[in-house]
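# Coordinates in review
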Amino acid sequence: MVPQHMELQKKLKVENFAEWFEQTTLHAMIYDYRFPVKGCGVWPGYGFKLRRNVLEVMRSLLDNSGHEECLFPLLIPRGLLEKEAEHVRSFQEEVFWVTMGGSSELGEKLALRPTSETAIMPMLKLWIRDYKDLPIKLYQVVSVFRYETKATHPMIRVREVTTFKEGHSAHATYEDAEKHVGEMVGLYKKFYEELCIPYIVSKRPNWDKFAGAICSIAFDTIMPDGRALQIGTVHHLGQNFSKPFDVKYLKPDGTHEYVWTTSYGISERVIAALIALHGDDRGLVIPPKVAPIQAVVIPIPYKGREGEVYEEAKKVYSELTSTGIRAIIDEDDEETPGSKFFKWELKGVPVRVEIGPRDIDRGVVTLVRRDTLERKSVARSELLTSFTALLDVLSNDMRSAAWKYLDERFYKVKSLDEAGELIKARRGIVEVPWCGRDECGSTLEDNTEARVLGSPLGAAAEKGKCISCDREASNSLRLAKTY
Ligand code: ZN
């Protein structure tokens, strides 16, 4: 159950989401978009910690599934970038080129990587000898650069994507690569669950696959302005990269075969989604798992008993930190408790711990949860158990509230008019019966001025008629306004 007042606090956020997002991330010191290069933002200390905690969740999932973290160069020679024809065709308008070294022109232009398939393949060619070298699973977390010409948005559409986690794998067979794609979809689901981010998984349509992929699976979520945001992708690349890069392995029977590769990525859009979905008009609400600060201890002094209150607050603070809880104490005696509440609510600290003379007399501490602002007194002697339990409740409630939000904005409709109206009003994602032909997909995009997100994975045939051509439907198609 989502408490009623949670909805009421989201008026500003919903009415002017873009402004809310930019101001909130700036004032909470998560992300500063005032750097004088278009599409490039700065992560100040607090935001960097959030980013690091989010990446830690991803790193631990990947490290525990046989991946190794690597680091490949930022610069990719033109010759390599252009080896896979479709790949380069799709990226050519988006690539930043380095053409000069000091005052001399470079012999070969160097691209700032827009993604790293073409940097990784030549190295796989050197590393892979025979079937025993496979599979190879690696990832890196790096900046990638794309010359976005559309309107840029902080964290959401940027020219320097600073938090690109790209995974890459090579396998002996098509089936192994396909199985890995399924496993990575599962891994991403776990990742979003940990961050309390709801998602819809779709197989992207043929005309919107990653350049060079034989199949692209994407995760989308719905932002407060009703637009869908792509927050992750997993691609089966077949032998589309291994052939032009000549990456082969020796099979047990003595013959050679090209390897089968996959790639999968997430970016700071995940953090943007986390902020957008959970925040309210007071500021951020950060899930405990990744919160840079999980608890802020605030002494509420009373005349004559200041010393006692500060001392007790310090004890509570050390008890929390001694068990690994990320806590701080705000002891500034120049600032009123009310102003401190405001400051830490803006920063999205999941739990506020208040200690006043009355708490001391009663042998309790007061815990205030950031998501609902509910207050609760817990026995001082049971502080740690109560605090840990509250963090769990908070995470679960945040996850359910976010899923409820998404479920309410996912519509299954059977007519073009209905689909068109919902999309025009930016109500979320609309799923319609579809005959499976690409041409109906593009007609629907034109008629609704929306983007096709794709089809459900492994879904049974949809009953009904294609809303574009009236033929028998064989599948469903999802449409939405997108970023
Ligand atoms: Zn059709």
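None of these values were measured; they are calculated from a predicted model. In this numbering scheme, every chain counts its residues from 1 along its sequence in written order. Since the coordinates come from a predicted model, pLDDT governs what is reported: local features require at least 70, and pairs of side-chain atoms require 80 or more to be given and counted, while whole-chain, interface and lining totals use all residues. Only hydrogens and water are set aside; all other atoms, that is, all heavy atoms of the structure, feed into the side-chain values.

Let's shift gears to the overall build of the chain. Helix and strand definitions here come from DSSP, where helices need a minimum of 4 consecutive H or I residues and strands a minimum of 2 consecutive E residues; each element is numbered from the N-terminal end. For the chain, the count of helices and strands is 15 helices and 21 strands. Throughout, radius of gyration means the C-alpha value; the globule benchmark is 2.2 Å times the number of residues raised to the power 0.38. Its C-alpha radius of gyration of 25 Å places the chain within 12% of the 23 Å reference for a compact globule of 483 residues. Buried means the residue's accessible area, taken with a 1.4 Å probe over protein chains only, is under 20% of the maximum for its type, while exposed means over 50%, and partly exposed covers the values in between. For the chain, buried positions account for 53% of its 483 residues. Residues are treated as being in contact if the distance between any of their heavy atoms lies within 4.5 Å. Across the chain, the fraction of contacts at a sequence separation of at least 24, relative to all contacts at a separation of at least 6, is 69%. Carbon and sulfur atoms provide 51% of the accessible area of the chain, an area that totals close to 21700 Å². Distance between charge centroids for the chain: 1 Å, based on 67 positive and 71 negative side chains. To measure how exposed things are, a 1.4 Å probe is used in the Shrake-Rupley method; for residues, cover is taken only from the protein chains shown. We count Lys and Arg on the positive side and Asp and Glu on the negative side, and we leave His and both chain ends out. The location of each charge is read from NZ of Lys, CZ of Arg, CG of Asp or CD of Glu.

Protein coordination at the zinc ion comes from Cys 435 (SG), Cys 440 (SG), Cys 466 (SG) and Cys 469 (SG), with a distance range of 2.3 to 2.4 Å. For Na, K and Ca the donor cutoff is 3.2 Å, while for all other metals N, O and S atoms count as donors only within 2.8 Å; water does not appear among the atoms, so some sites may look incomplete. Angular criteria define each label, namely tetrahedral for four donors with all angles between 85 and 135 degrees, square planar for four and octahedral for six donors with opposite donors over 155 degrees apart and remaining angles between 65 and 115, and irregular for whatever fails these tests. Coordination geometry of the zinc ion: the four donor atoms subtend angles of 105 to 116 degrees at the metal centre, consistent with an arrangement described as tetrahedral. Mapped onto the polypeptide sequence, the residues donating to the zinc ion form the spacing pattern C-x4-C-x25-C-x2-C. Residue Cys 435 is found in the loop between β19 (429-434) and α15 (438-448), and its partner Cys 469 is found in the loop between β20 (451-454) and β21 (475-480); the two are separated by 34 residues along the sequence. When its relative accessible area of 12% is taken as the criterion, Cys 435 is described as buried.

What follows concerns unusual backbone geometry. Note the cis peptide between Leu 134 and Pro 135, where omega equals -5 degrees. Structurally, Pro 135 can be placed in the loop between α7 (117-127) and β5 (136-145). Although it is not a glycine, Leu 373 sits at a positive phi angle of roughly 65 degrees. Mapped onto the elements of the fold, Leu 373 is located in the loop between β16 (364-369) and β17 (375-379). The residue Asp 470 is not glycine, and still its phi comes out positive at about 75 degrees. Mapped onto the fold, Asp 470 is located in the loop between β20 and β21.

On to the domain arrangement of the chain, then. The domain limits used here are those given by an automatic or database domain assignment. In terms of domain boundaries, the chain breaks down into domain 1 (4-278), domain 2 (295-390) and domain 3 (410-480). Distance between the C-alpha centres of domain 2 and domain 3: 51 Å.

Here we come to the sheet that holds strand β12 (residues 260-266). Whether two strands pair comes down to DSSP finding at least two bridges between them. Reading across the sheet, the seven strands line up as β1-β5-β6-β12-β9-β8-β7 and stay open at both edges, with mixed pairing between neighbours. Lying at the two open borders of the sheet, with one neighbouring strand each, are β1 (68-69) and β7 (200-203). Relative to strand β9 (residues 228-238), strand β8 (residues 215-222) runs antiparallel, the two sharing eight bridges. When the bridges of β9 are listed, Ser 216 appears paired with His 235.

A 1.4 Å probe that fits into a set of points on a 1 Å grid over the protein atoms alone but cannot get out defines a cavity; an open set with protein on both sides within 12 Å along at least five of seven lines defines a pocket, and lining residues are those with an atom within 4 Å of a point. Grid points are joined across faces, edges and corners, and a volume is the space filled by probe spheres set on the points. One pass over the full model with this rule turns up two cavities of 30 Å³ or more. Each pocket or cavity is described by its volume, and for the largest cavity that value is around 70 Å³. Forming the boundary of the largest cavity are Val 296, Phe 341, Trp 344, Glu 345, Val 349, Val 351, Arg 352, Val 368, Arg 369, Arg 370 and Leu 373. Within the residue set of the lining of the largest cavity, elements represented by two or more residues are α11 (337-346), β15 (351-355) and β16. In terms of residue count, the dominant contributor to the lining of the largest cavity is α11 (three residues).

Glancing now at the pattern of salt bridges. Whenever Lys or Arg places a side-chain nitrogen within 4 Å of a carboxyl oxygen from Asp or Glu, that contact is recorded as a salt bridge. Here the structure, examined in full by the defined rule, presents 35 salt bridges. Glu 312 is the partner of Arg 380 in a salt bridge, and the nearest nitrogen-oxygen pair spans 2.6 Å. Highlighted residues: Arg 380 in the loop between β17 and α13 (383-407) and Glu 312 in helix α10 (residues 306-322), separated in sequence by 68 residues. In this pair, the class of Arg 380 matches that of Glu 312, namely buried. Note that Glu 335 is salt-bridged to Lys 343, the shortest N-O span being 3.0 Å. What makes Glu 335 partly exposed here is its relative accessible area of 21%. Put simply, Arg 282, Glu 345, Arg 352, Glu 354 and Arg 375 are held in one network by salt bridges that share partners.

With 73 residues, the main nonpolar core has Ile 30, Phe 191, Tyr 192 and Ile 275 as its most contacted residues. Nine residue types can take part in a nonpolar core, namely buried Ala, Val, Leu, Ile, Met, Phe, Trp, Tyr and Cys, and a core is a set of them joined through side-chain atoms within 4.5 Å. Core analysis: the next-biggest nonpolar cluster, separate from the first, contains 24 residues, Ala 111, Ile 120, Ile 136 and Phe 245 among them.

Here the focus is the packing of helix α4 (residues 45-63) against helix α8 (residues 174-194). Simply put, an axis is a line fit to the C-alpha atoms, just over the touching stretch for a helix, and the angle between two N-to-C directions goes from 0 to 180 degrees. At their nearest, the axes of α4 and α8 sit 10 Å apart, and the two run at 145 degrees to each other. α8 is crossed by α4, and the crossing has right-handed handedness. Residues Val 54, Val 57, Met 58, Leu 61 and Leu 62 of α4 form the contact with α8, whose own contacting residues are Met 184, Leu 187, Tyr 188, Lys 190, Phe 191 and Glu 194. By definition, turning the near helix anticlockwise from the far helix through less than a right angle yields a left-handed crossing, and turning it clockwise yields a right-handed one.

With eight of its eight residues buried, β8 lies for the most part within the structure. Of the two faces of β8, the one lined by Cys 215, Ile 217, Phe 219 and Thr 221 and the one lined by Ser 216, Ala 218, Asp 220 and Ile 222 are each fully buried. Summarising the sheet, β7 and β8 pair through four bridges and their orientation is antiparallel. Residue Ser 202 lies in a different strand from β8, and its bridge partner there is Ala 218. Where β8 folds back on β9, the antiparallel hairpin that results is connected by five residues, among which Gly 226 adopts a positive phi of roughly 85 degrees.

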